Each structure stands twice: as structure tokens, then as C-alpha cells.
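# Chains, contacts and geometry: an overview
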Amino acid sequence: MKIFLDTANLQEIKEAAATGLIDGVTTNPSLVAKESRSFHEILKEVCTLVDGSVSAEVIATDFEGMMKEAQPLAAIHKNITIKVPLTPDGLRACKALAKEGKKVNVTLCFSASQALLAAKAGATFISPFVGRLDDISENGMNLIKDIVHIYKNYGFKTEVLAASIRHPMHVVEAALAGAHVSTMPYKVFQMLFKHPLTDKGLEQFLADAKKAKN
Ligand code: E4P
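On a predicted model such as this, the values are computed, not experimentally measured, just so you know. The numbering scheme is per chain: residues are counted from 1 as the chain's sequence reads. pLDDT decides what is reported in this predicted model: residues at 70 or higher carry local features, side-chain atom pairs at 80 or more are listed and counted, and totals for whole chains, interfaces and linings draw on all residues regardless. Excluding hydrogens and water, the side-chain figures rest on all heavy atoms present in the structure.

Now for the sheet that holds strand 8 (residues 181-184). Strands belonging to one sheet form pairs held by backbone hydrogen bonds; the direction of such a pair is parallel or antiparallel. Strand pairing is defined by DSSP finding a minimum of two bridges between the two strands. Strands are runs of DSSP state E lasting at least 2 residues, helices are runs of H or I lasting at least 4, and numbering of each runs from the N terminus. Taken in spatial order, the eight strands close into a barrel running 1-2-3-4-5-6-7-8, and their pairing is parallel. Strand-to-strand, the axes of this sheet are offset by a mean angle of 30 degrees, without reference to chain direction. In terms of strand pairing, strand 5 (residues 103-109) meets strand 6 (residues 125-128) through three bridges, oriented parallel. The residue of strand 6 that forms the bridge with valine 106 is isoleucine 126. Any two residues having at least one pair of non-hydrogen atoms within 4.5 Å are treated as being in contact. Whenever a helix is involved, its axis is fitted only over the stretch in contact; in every case the axis is a line through C-alpha atoms, and angles between N-to-C directions fall within 0 to 180 degrees. Sitting on the sheet, helix 4 (residues 63-76) is in contact with strand 3 (53-57) and strand 4 (80-85), with an inclination near 160 degrees to strand 4.

Before going further, it helps to spend a moment on helix 5 (residues 88-99). Take the number of residues in a helix, subtract one, and multiply by 1.5 Å to get its expected span. Over its 12 residues, helix 5 runs 17 Å from end to end, which matches the ideal 16 Å to within 8%, given 1.5 Å per residue. Taken together, the buried positions of helix 5 are occupied by Gly90, Leu91, Ala93, Cys94 and Leu97. Along the axis of helix 5, the buried residues cluster in a sector spanning 155 degrees; they form a single face. For helix 5, exposure combined with an orientation more than 90 degrees from the buried face picks out Pro88, Lys95 and Lys99. If you follow the buried residues of helix 5, they end up packed against helix 4, strand 4, strand 5 and helix 6 (112-120). When accessible area is computed with a 1.4 Å probe and restricted to protein chains, residues below 20% of their type maximum are described as buried, those above 50% as exposed, and intermediate ones as partly exposed. The directions considered for the arc run from the helix axis to the C-beta atoms.

A few words on the pairing of strand 3. In terms of residue burial, strand 3 counts as a mostly covered element, since five of its five residues are buried. Here strand 2 (residues 24-26) pairs with strand 3 via three bridges, running parallel. Its bridge partner lying in strand 3, glycine 24 is registered against serine 53. With four bridges connecting them, strand 3 and strand 4 associate as parallel partners. Each bridged residue has a counterpart across the sheet, and for glutamate 57 the counterpart in strand 4 is lysine 83. Once the chain exits strand 3 it traverses helix 4 before rejoining the sheet at strand 4, and the crossover so formed is right-handed. Look down the strands so they point away from you; if going from the first strand over the helix to the second traces a clockwise path, that crossover is right-handed.

When a carboxyl oxygen of Asp or Glu lies within 4 Å of a side-chain nitrogen of Lys or Arg, that pair is called a salt bridge. Counted by the stated rule, this structure contains eight salt bridges. Residues joined by salt bridges that share partners form a network here, namely Lys14, Arg37, Glu41 and Glu45.

All right, on to the layout of surface pockets then. A pocket, in this scheme, is an open set of points on a 1 Å grid over the protein atoms alone with protein on both sides within 12 Å along at least 5 of 7 lines, while a cavity is a set where a 1.4 Å probe fits but cannot get out; residues line either one if an atom lies within 4 Å of a point. Grid points are joined across faces, edges and corners, and a volume is the space filled by probe spheres set on the points. Its volume calculated, the largest pocket comes out at about 340 Å³. Forming the boundary of the largest pocket are 20 residues, of which Asp6, Asn28, Leu31, Arg132 and Ser164 lie nearest the centre. Contributing elements (two or more residues each) for the lining of the largest pocket: helix 2 (29-33), strand 5 and helix 10 (186-192). Of the residues that constitute the lining of the largest pocket, the class distribution is six nonpolar, eight polar and six charged. Under the grouping applied here, Gly and all other residues not named as nonpolar or charged are polar, the nonpolar ones being Ala, Val, Leu, Ile, Met, Phe, Trp, Tyr, Cys and Pro and the charged ones Asp, Glu, Lys and Arg.

Right, let's talk about helix 11 (residues 196-211) for a bit. Across its 16 residues, helix 11 extends 23 Å between first and last C-alpha, which sits within 8% of the 22 Å expected from 1.5 Å per residue. Burial analysis of helix 11 places just zero of its 16 residues in the buried class, a small minority of the element.

Glancing now at unusual backbone geometry. Positive phi outside glycine occurs at leucine 108, with the angle close to 60 degrees. Within the element layout of this structure, leucine 108 appears in strand 5. Residue leucine 108 is classed as partly exposed on the basis of its relative accessible area of 32%. Positioned with a positive phi, serine 137 is a non-glycine residue whose angle comes to about 65 degrees. With respect to the secondary-structure elements, serine 137 resides in the loop between helix 7 (130-135) and helix 8 (140-154).

Right, here's the structure in full:
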């Protein structure tokens, strides 16, 4: 499973990229609004830090507006993936952009029927929001399972990108369900490394190493 970082913070991306384990980055307007630099500046730098898909979301809601916004974004770097919302206009733009050879991430997916339409529109990635479904007492991970199943049934090439990930078990369950990608905040990525027995074991080995004869 690919690991994407869900942030527009360059320091976080730099630190995570240094591990060599990051396959891509997703941004959204809310994440970009937290940063002081412009959207285009951020995207340019992210593309130098990570050699993989970098999602850039359009803010237009009509087909023509999305197509217009997508062009300069896609021109920034070959790895820019245009992120469009799961609306009729968004899927129309997805189809047109895919036809132009651009990579598209269809975002704000909350149902299997929406995911089916995104695959038919030629999306590179579909982003079902696991955490936001859990927040309203629905089972976000069941949606991931359903989409993986449906895509397998028909051989759709669209990759399932588990989004709105809140904790390490979301990542593990998405991997078990067969999601192609999980995108997560830096904090969750850091938590993936952690285990108290690793810390305890290492402490013991280091203490014993000091006692060992040279
Ligand atoms: C995905 O691409 C979105 O940017 C993100 O995962 C949304 O996460 P949130 O529900 O924590 O805002």
C-alpha cells in the first residue's frame, strides 16, 4: 500500500520524505489555508520533495471553472494530480481531464455508488473519507471494503485512496481491506513507527551493550 501525507506543511513533508517512505501528498483548501505561502508556491516545493502524486484541489464548482483552474496546476509538475469534488460537474471534469492524460483524484466520496461513478469517469484515485463517516456513526472502513470489492469485480484501474485517516488502525484496516493508498496527517505517520516493546527492547539492548566486553 502506498503512503501519502495529507498536509500542505512543507516542514512536515520534508521530515516525512526524509524517511524514504512517502509515496505522495494530498492537499485540500483547508490544509493550504493553514500555511503562510501561496498554493502554487507550496505545490512547486512539494514536487521537489516527494517523487510521487501531489494532489491539488480546484475550488471552482462548475465544469468550465474546474477545467480552467486545472491547466496551470497541472503545468506546475508532471506529478500534480488534479483533485475534483464528487459532483456531476466534478466527474465531468474528471472525464475530460483524464482524456487529456491528466491524473485526477476525485474527493469527498462518501458512498459506493459515488465511487462507481468516479471509476467510470476515469479517475486515477477515488478518495473515500473514512474518519468523517466514523464521525457520524457510520462505518467508514466498510465503504473502503465495498469500493475495493466493486472495483475488483469490474477490473477498474482507479486506485482506492483511503482519506480522512485519523489513527494507525485506520491505516492497518485500509491495508487489510486492500486500499491502494492511505493518506494521513504527519502525526499519524509518526505513530505508525511506535511500539512500546520496541522502545523497551532497544533500551535493554543498549544497556546490555555497555556491559559487554570489547
Ligand atoms: C483527503 O484528500 C482529504 O484532504 C483529507 O483526508 C480529509 O481529512 P479530514 O476529514 O481529517 O479533514
